[in-house]
Amino acid sequence: MRPGRDPVRLALLAFLWLVVAFMLAPIVFTLVFAFSDASYLIFPPPGYSLRWFAKLFEQRALFAAAINSLVVATAATLASLVVGTAAALGLVRYRFFGRELLRTLFLAPLIVPRIAFGVAMLIYAVVLRRFGGLDSLFLAHLMVTLPFAISILTAALVSADRSLEEAAADLGAPPLVTFWKVTLPQIRTGLAVSGFFAFIVSWDQVETSLFLVKTDNMTLPVAMFYYLQRQQDPVIAALSALLIGVAAVGAVIAVLTVNPRDLQRVLSAGGR
Amino acid sequence: MDVDVELREVSKHFGAIVAVDRVSLAIRRGEFFSLLGPSGCGKTTTLRMIGGLEFPTAGEILLRGAVVTDLPAYRRATNMVFQHLALFPHLTVFENIAFGLRLRREPPSVIARKVDGVLQLVDLPGYGGREIHQLSGGQKQRVAIARALVNEPAVLLLDEPLGSLDLKLRLAMQTELKALQHRVGTTFIYVTHDQGEALTMSDRIAVMNLGRVEQVATSQEIYARPRTRFVAGFIGEANFLDGRVAHAGPDGVLVAVNGLRVRAEAAPAPAGAAVTVSVRPEHVKLGVAADGAANRWTGRIEEVTFMGAVVRARVALDGGPRLVAELHNDAAAGLAPGAAVAVGWAAGHTVVLAG
Amino acid sequence: MAQAAIPQIVARRGGWRAALRRYAHVPLLTPAVGLTVAVFWVCMAVLVVMSVYPFLAAGTPRLTLAAWQRLLGDPYYWGVVGTTLRLAFVVTALALALGYPAAYAISKIQRPGWALAAYVVLFAPILVSVVVRTYGWLLLLSNTGVVNYLLRAAGLVREPIPLIFNETGIIIAMVHILLPFMVFPILSVVGQVGGDLKEAAMDLGANRWVTFRRVTLPLTAPGVISGCQIVFTLTISAFVTPFLMGGGRVQILSGLIYRDMEAVNLGFASVVALVLLALAVVILAASNVLARRAYRRAEVERA
């Protein structure tokens, strides 16, 4: 039987198209509603306009929240890359007592429900009198993003060629120079992938942030969550449309820079 | 004579495993020195300790008279050609070779001149702009050697660098490496498990087994006068006969082997000591060629194997022991299994090994 | 010759360079250990302490198991645990039902361009905020939304069917949000099932269904199990989507935590958080046993 005509194969592909439609549907219709003329949820929209975008730009609170999110996500990403690379180097390049225990210690935050961690973080922040600050938010997000970075970078370092580092040392490069000139170029993809995911996870973090933010100093997803509880006008659709646009650019960058194999490994490893 | 590298009672333990066991060596300036042995004998670990990639558990390493035992690789005047070459895949040929020079902050003009010079030396002129993945196996080999040599190291360490090449290319590179060493005059320390490679290229060879050095000598001496049974068996082929020294005097040595008396010129042990007699297959003569030999018996041919230029024959001596003889094709005419034949070799070809 | 080395017993080497090498991992690991212990592990301890000293923050440390008794003794809360688990089971099952054929189909696409496109479509929604995607489902599923409009336009229903503020809405949106985490682990193993194994099975007279059941399925089991683990644990701990899609009418553990936090009932929130954590750990541990068995089987078959 030719593969093209195989009925089972055709049925599978048709099913795949349905799944693709299912995945795209909420995103596509969010875009449609962003241009709706109505001030409530109705389909089809009675008319189309840009008024919700105009109204969106009046929302100073959302804008401030976006800035907060950007700051926290950037800080959490950079910190998890730096701390994570160092930890991964320690785990991969050295043999010492308690190495496996340490690995478990680092990866454990991945299995703890985020909202449970959020509760604990709030109490901790209150006890330390750091409630409502971006610093406690940053630490909370770092706990979520660091395990990823460590697990991805550990895998990257394991597959990096150790003898290249030895060759550099042999040619006179001190450890830091060796790391910079030889190790780093080899784990570039691992760094890109873990940085990318750390940013996304922090940027889209609701459960961990929910209790840590003050009403006048929010992050963007939390602000959107509260906005949706109050009213459901298409301002959120307009904002979503903007975010989807940014995400699309991100997806294109990811596809162009990241090897699909690495991406797959991350997602398979439970990239949450 | 100047000594470039000296190892004093160097040991290396990996946990409970003793990789290198109290090794002492002195490698002379300008020498092509090989560490030869089977895999796991500690030769690579020894080389890596000289290069500063591994550190001894005990003992001292001296480089041109200075103790470098604990000095890391980047502080030593040694350079290594790695087993899998370890060329930097993200850099061009030029940048690979310039790596060490840049770290020493040589001016760009000097770097360009030196890299060009060394590319000439390894016969790759104009290859500086190439990417590593565009090179053939042999070319990568040369770049790896150039990258190490350009730093003008006191000692060049080579860790089985030809292992990944096919046989023909390997033979060509052996000759080339030897010629290169001659030209630059740098001390080469070469690790290999290939006895042929070691014999062709080396000025001296250290044969290693189970972490220990069994013998250090020139190629000829190692081959003609192996000091232990391991060396005799590992380098070339040998017939081994266990016996006991019956007589040892200035006129020569007699070893009793199963009622046979084997003549030799010298023995490492006094009369009465248990020894092993070794004789190379190519020294065992058959038929008329055995006439007049100091050691001469009769035997029966058991098996004849045609191997091209040479023929191998397994012979059972009338006294019991079996020997393998290797003859030139033309000397083997008329040899057939079952035939009675004279067997013999000169006293000078008998090597008596202690134990 | 210098080879006659001075015979001496050299003791195990010391020196500052050797010491530096032996402890080189310490400075590398210290920041990560420090942060993880000082923030995460202390937080876990805080939860446990708060669950028995609920008024600690108020300055009256008094040991009480009241919060634990309240949760474990009230059938209402057992019902909430039941709802949480039931939703997670349904979402996991549906995600598997959609994800497995989808992953299988992607592995069958011959043109690399189309395969990549399918990849991107399945992966890209992760880049869109969970809040945005949930909002998208509110737009699709509400009474005046897209789905009900289409159903009415097609004449299938007269009155809109309630698709949000109930479990249906939660399930649909959760499946959408977690589907990528089901597809990718399966995709990573389905590609490894070589055509030759299948051909060998067919050659031995097995029909297609038997080949799938006896060869492909056992070989992809590790991917299926890890996909199910991820989806299940993420569903029981999800908050935003169940909360918005359920509209407060479907109570699950994460919603309970939110309610108690809003009411500043920290002790009880801690107890619920610990129960949720325990559920996640128990389920992961149990499924890991399964996973190990599946891995071993897959290894054997592949060898």
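Refer to the preceding data block for the structure.
In short, a report on the structure. Residue numbering note: each chain is counted from 1, following its sequence as written. A letter from A marks each chain and a number from 1 marks each ligand, given out in the order of writing. Only residues with pLDDT of 70 or above have their local features reported here, since the model is predicted, and side-chain atom pairs are shown and tallied only from 80 upward, although totals for entire chains, interfaces and linings are computed over all residues. Computation of side-chain values: all heavy atoms of the structure, hydrogens and water removed.

**Points about the overall build of chain A**
Alright, step 1. Here a strand is any run of E in DSSP of at least two residues, a helix any run of H or I of at least four, and the numbering for each starts at the N terminus. Helix and strand counts for chain A come out as 13 helices and zero strands.
Alright, step 2. Each principal axis of the C-alpha distribution contributes one length, and for chain A these read about 70 × 70 × 30 Å.
Alright, step 3. Remark: exposure states derive from per-residue accessible area (1.4 Å probe, protein chains only) relative to the maximum for the residue type, with buried under 20%, exposed over 50%, and partly exposed in between. Within the span of chain A, comprising 272 residues, buried residues form 59% of the whole.
Alright, step 4. Taking contacts inside chain A between residues at least 6 apart in sequence as the whole, the part at least 24 apart equals 69%.
Alright, step 5. Here chain A displays about 11,600 Å² of accessible surface, and carbon together with sulfur accounts for 69% of that area.
Alright, step 6. The charge count includes Lys and Arg as positive and Asp and Glu as negative, but it does not include His or the ends of the chains. Charged side chains are reduced to one point each, which is NZ for Lys, CZ for Arg, CG for Asp and CD for Glu. Computing the positive centroid from 21 side-chain charges and the negative centroid from 14, chain A places the two 2 Å apart. Residues are treated as being in contact if the distance between any of their heavy atoms lies within 4.5 Å. Here the Shrake-Rupley method, with its probe set to 1.4 Å, supplies the accessible areas, and only the displayed protein chains count as covering residues.

**Comments concerning helix α10 (residues 208–237) of chain C**
Alright, step 1. The seven residues ending at a residue and the seven starting there each receive a fitted axis; the angle between those axes is the bend at that residue. Along α10(C), the sharpest kink reaches roughly 50 degrees, centred on Ala221(C) and followed within four residues by the proline Pro222(C).
Alright, step 2. By the criterion of burial, α10(C) is predominantly enclosed, with 23 of the 30 residues buried.

**Side note on the interface of chain A and chain C**
Alright, step 1. Across the boundary between the two partners, chain A contributes 90 residues, which contact 94 residues of chain C.
Alright, step 2. Taken together, the two surfaces of chain A and chain C that pack against each other cover about 8,100 Å², and 83% of this comes from carbon and sulfur.
Alright, step 3. For this analysis, a polar contact is any N or O atom pair within 3.5 Å, provided that within protein one partner can donate a hydrogen and the other can accept it, and provided that sequence-adjacent residues contribute only side-chain to side-chain pairs. Taken together, the links from chain A to chain C amount to nine residue pairs in polar contact (both at pLDDT 80 or more).
Alright, step 4. Take the side of chain A that touches chain C: its biggest share by element is 18 residues, from helix α1 (residues 7–34) of chain A.
Alright, step 5. Basically, the charged four are Asp, Glu, Lys and Arg, the nonpolar ten are Ala, Val, Leu, Ile, Met, Phe, Trp, Tyr, Cys and Pro, and anything else, Gly included, counts as polar. Here the residues of the side of chain A that touches chain C are counted per class, giving 74 nonpolar, ten polar and six charged. Simply put, the buried area is the total loss of 1.4 Å probe accessible area from both parts when two parts are fitted together.

**Some details on the environment of Val37(C)**
Alright, step 1. Residue placement: Val37(C) occurs in helix α2 (residues 25–52).
Alright, step 2. Looking at Val37(C), the relative accessible area reads 37%, which means it is partly exposed.
Alright, step 3. Once residues lying within four places of it in the same chain are set aside, the contact partners of Val37(C) are Leu105(A) and Val42(C).

**A closer look at the nonpolar core**
Alright, step 1. Counting residues in each nonpolar core, the largest one holds 168 residues, and the members touching the most others are Phe117(A), Leu210(A), Phe211(A), Leu253(C) and Ile257(C).
Alright, step 2. No other element matches the 15 residues that helix α8 (residues 167–190) of chain C contributes to this core.
Alright, step 3. The contacts of Leu253(C), once residues within four sequence positions are left out, are Val80(C), Val81(C), Thr84(C), Val272(C), Val275(C), Leu276(C) and Leu279(C).
Alright, step 4. In this description, a nonpolar core means a group of buried Ala, Val, Leu, Ile, Met, Phe, Trp, Tyr and Cys residues linked to one another through side-chain atoms lying within 4.5 Å. Core analysis: the next-biggest nonpolar cluster, separate from the first, contains 41 residues, Ala169(A), Leu47(B), Met49(B) and Ile189(B) among them.

**Here we look at the layout of surface pockets**
Alright, step 1. The calculated volume of the largest pocket comes to roughly 1,800 Å³.
Alright, step 2. What lines the largest pocket is a set of 44 residues, among which Tyr94(A), Arg162(A), Phe55(B), Arg21(C) and Ala24(C) lie closest to the centre.
Alright, step 3. Of all the secondary-structure elements, those providing two or more residues to the lining of the largest pocket are α3 (60–93), α7 (162–170) and α8 (175–186) of chain A, β1 (3–14) of chain B together with α1 (16–22) and α2 of chain C.
Alright, step 4. By residue number, the principal contributor to the lining of the largest pocket is α1(C), which donates six residues.
Alright, step 5. Counted by class, the lining of the largest pocket contains 23 nonpolar, seven polar and 14 charged residues. The way it works is a 1 Å grid over only the protein atoms, where trapped points that fit a 1.4 Å probe form a cavity and open points with protein on both sides within 12 Å along at least five of seven lines form a pocket, and then any residue with an atom within 4 Å of a point lines it. Grid points are joined across faces, edges and corners, and a volume is the space filled by probe spheres set on the points.

**Some remarks on a nonpolar patch on the surface**
All names here are of chain A.
Alright, step 1. Together, Phe35, Tyr48 and Leu50 make up an exposed nonpolar region whose accessible area comes to about 340 Å².
Alright, step 2. Considering the arrangement of structural elements, one finds Leu50 in the loop between α1 and α2 (51–56).
Alright, step 3. Its relative accessible area of 56% is what places Leu50 among the exposed residues. Put simply, a patch holds well-exposed residues, over 30% relative accessible area, that have no salt bridge, with like charges counted together within 9 Å and Val, Leu, Ile, Met, Phe, Trp or Tyr side chains within 5 Å. By definition, a salt bridge exists where a carboxyl oxygen of Asp or Glu is found within 4 Å of a side-chain nitrogen of Lys or Arg.

**Here's the deal with the pattern of salt bridges**
All names here are of chain B.
Alright, step 1. Enumeration over the complete set of coordinates arrives at 32 salt bridges over all chains.
Alright, step 2. With a shortest N-O distance of 3.2 Å, Glu302 and Arg314 are connected by a salt bridge. Residue Glu302 is found in strand β16 (residues 295–306), and its partner Arg314 is found in strand β17 (residues 310–317); the two are separated by twelve residues along the sequence.
Alright, step 3. The network of salt bridges with shared partners includes Asp2, Asp4, Arg29 and Arg64.

**A short note on the pairing of β17(B)**
Residue and element names in this part refer to chain B.
Alright, step 1. Taking burial as the measure, the eight residues of β17 include six buried ones, the bulk of the element.
Alright, step 2. Pairing between strands requires that DSSP locate at least two bridges from one strand to the other. Bridge analysis of β16 against β17 gives seven bridges, and the strand direction is antiparallel. Residue pairing for β17: Gly299 is matched across the bridge by Leu317.
Alright, step 3. Connecting β16 to the next strand, β17, in antiparallel fashion are three residues, including Gly308 with a positive phi near 95 degrees.
Alright, step 4. Hairpin connection between β17 and strand β18 (residues 322–328): a loop of four residues separates the two successive antiparallel strands, and Gly320 in this loop has a positive phi of roughly 125 degrees.

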